[in-house]
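Single-letter residue listing:
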Amino acid sequence: AKGGPEPSDNLFICGLPLDTTEDKLKKIFGEYGNVTSMKLLPDVPGKPDKSALVRMADVSQASWMVEKLHGNTPNGLASPVTVRFADNRAQKARELGLPK
């Protein structure tokens, strides 16, 4: 493993324009796979971009998006986005050294 979160169907995406809506998000990322749910995260004061959690239908679609879209500009956007697997709670617990 590369030390990042292990693959899951849930993606964390940032670098999105501030005017991004859930509809726009679904349209953009729906071109690349089957989006089952999404959630725009609250704006962070002073940050010039928006972040979102996007859940894909399966891990293979999510993995493809991390490989192909991370650092690239998806159709419909003007600048590159960061796409990575969202940290899942079980894994966070392991990393925090809770009893195995």
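For clarity, every value in this text was computed on a predicted model and none was experimentally measured.

**What about the overall build of the chain?**
So, step 1. Tallying secondary structure elements over the chain gives three helices and four strands in all.
So, step 2. Along its sequence from the N terminus, the chain presents helices and strands in the succession β-α-β-β-α-β-α.
So, step 3. Buried positions account for 34% of the 100 residues belonging to the chain.
So, step 4. Accessible surface computed for the chain: about 6300 Å², of which carbon and sulfur atoms make up 55%.

**What about the nonpolar core?**
Taken as a class, soluble globular proteins show a tendency for nonpolar side chains to be buried jointly.
So, step 1. Core analysis: the biggest nonpolar cluster contains 19 residues, and Leu 11, Ile 13, Leu 16 and Phe 29 have the highest contact counts within it.
So, step 2. Of all the secondary-structure elements, those providing two or more residues to this core are strand E1 (10–16), helix H1 (22–30), strand E2 (35–40), strand E3 (50–56), helix H2 (59–69) and strand E4 (82–85).
So, step 3. Top contributing element to this core by residue count: H2, with four residues.
So, step 4. When residues no more than four places from it in sequence are discounted, the contact partners of Ile 13 are Phe 29, Lys 50, Ser 51, Ala 52, Val 54, Val 81, Thr 82 and Val 83.

**Here we look at the sheet that holds E3**
So, step 1. If you trace the four strands from one edge of the open sheet to the other, you get E2-E3-E1-E4, paired in antiparallel fashion. Each end of this open sheet is capped by a strand with a single partner; those strands are E2 and E4. Taken over all neighbouring pairs, the strand axes of this sheet differ in orientation by 20 degrees on average, direction set aside.
So, step 2. As defined by bridge partners, E1 adjoins E3 across six bridges and the pair is classed as antiparallel. Within E3, the position partnered with Cys 14 by the bridge is Ser 51.
So, step 3. Docked against the sheet, H1 engages E1, E2 and E3, running at close to 140 degrees with respect to E2.
So, step 4. On top of the sheet, H2 reaches E1, E3 and E4; it is set at about 145 degrees to E4, its chief contact.

**Here's the deal with the side chain of Thr 20**
So, step 1. Within the element layout of this structure, Thr 20 appears in the loop between E1 and H1.
So, step 2. Here the side chain of Thr 20 touches Pro 17 through a polar contact of 2.6 Å, landing on its backbone oxygen.
So, step 3. Contact partners of Thr 20, with chain neighbours within four places excluded, come to Leu 25, Leu 40 and Lys 50.

**Examining the pattern of salt bridges**
So, step 1. Summed over all chains, the structure comprises three salt bridges.
So, step 2. A salt bridge links Lys 24 to Asp 19, with the nearest nitrogen and oxygen atoms 3.6 Å apart.
So, step 3. On the basis of relative accessible area, Lys 24 is assigned to the partly exposed category, the value being 29%.
So, step 4. Since its relative accessible area comes to 52%, Asp 19 is described here as exposed.
So, step 5. Asp 43 is the partner of Lys 50 in a salt bridge, and the nearest nitrogen-oxygen pair spans 2.7 Å.
So, step 6. Taking the relative accessible area as the measure of exposure, Asp 43 reaches 46% and is therefore partly exposed.

Conventions used here
- Residues numbered from 1 in each chain as written.
- Predicted model: local features only at pLDDT ≥ 70, side-chain atom pairs only at ≥ 80, totals over all residues.
- Heavy atoms only, no water.
- Helix = DSSP H or I, 4+ residues; strand = E, 2+ residues; numbered from the N terminus.
- Buried < 20%, exposed > 50% of the residue type's maximum accessible area, 1.4 Å probe, protein only.
- Areas by Shrake-Rupley, 256 points an atom, 1.4 Å probe, with all protein chains shown as cover.
- Core = buried A, V, L, I, M, F, W, Y, C linked by side-chain atoms within 4.5 Å.
- Contact = heavy atoms within 4.5 Å.
- Pairing = 2+ DSSP bridges.
- Axes fitted to C-alpha atoms, helices over the stretch in contact; angles between N-to-C directions.
- Polar contact = N/O pair within 3.5 Å; in protein donor to acceptor, adjacent residues only side chain to side chain.
- Salt bridge = Lys/Arg side-chain N within 4 Å of Asp/Glu carboxyl O.

The values are spatial; any link to function lies outside them.
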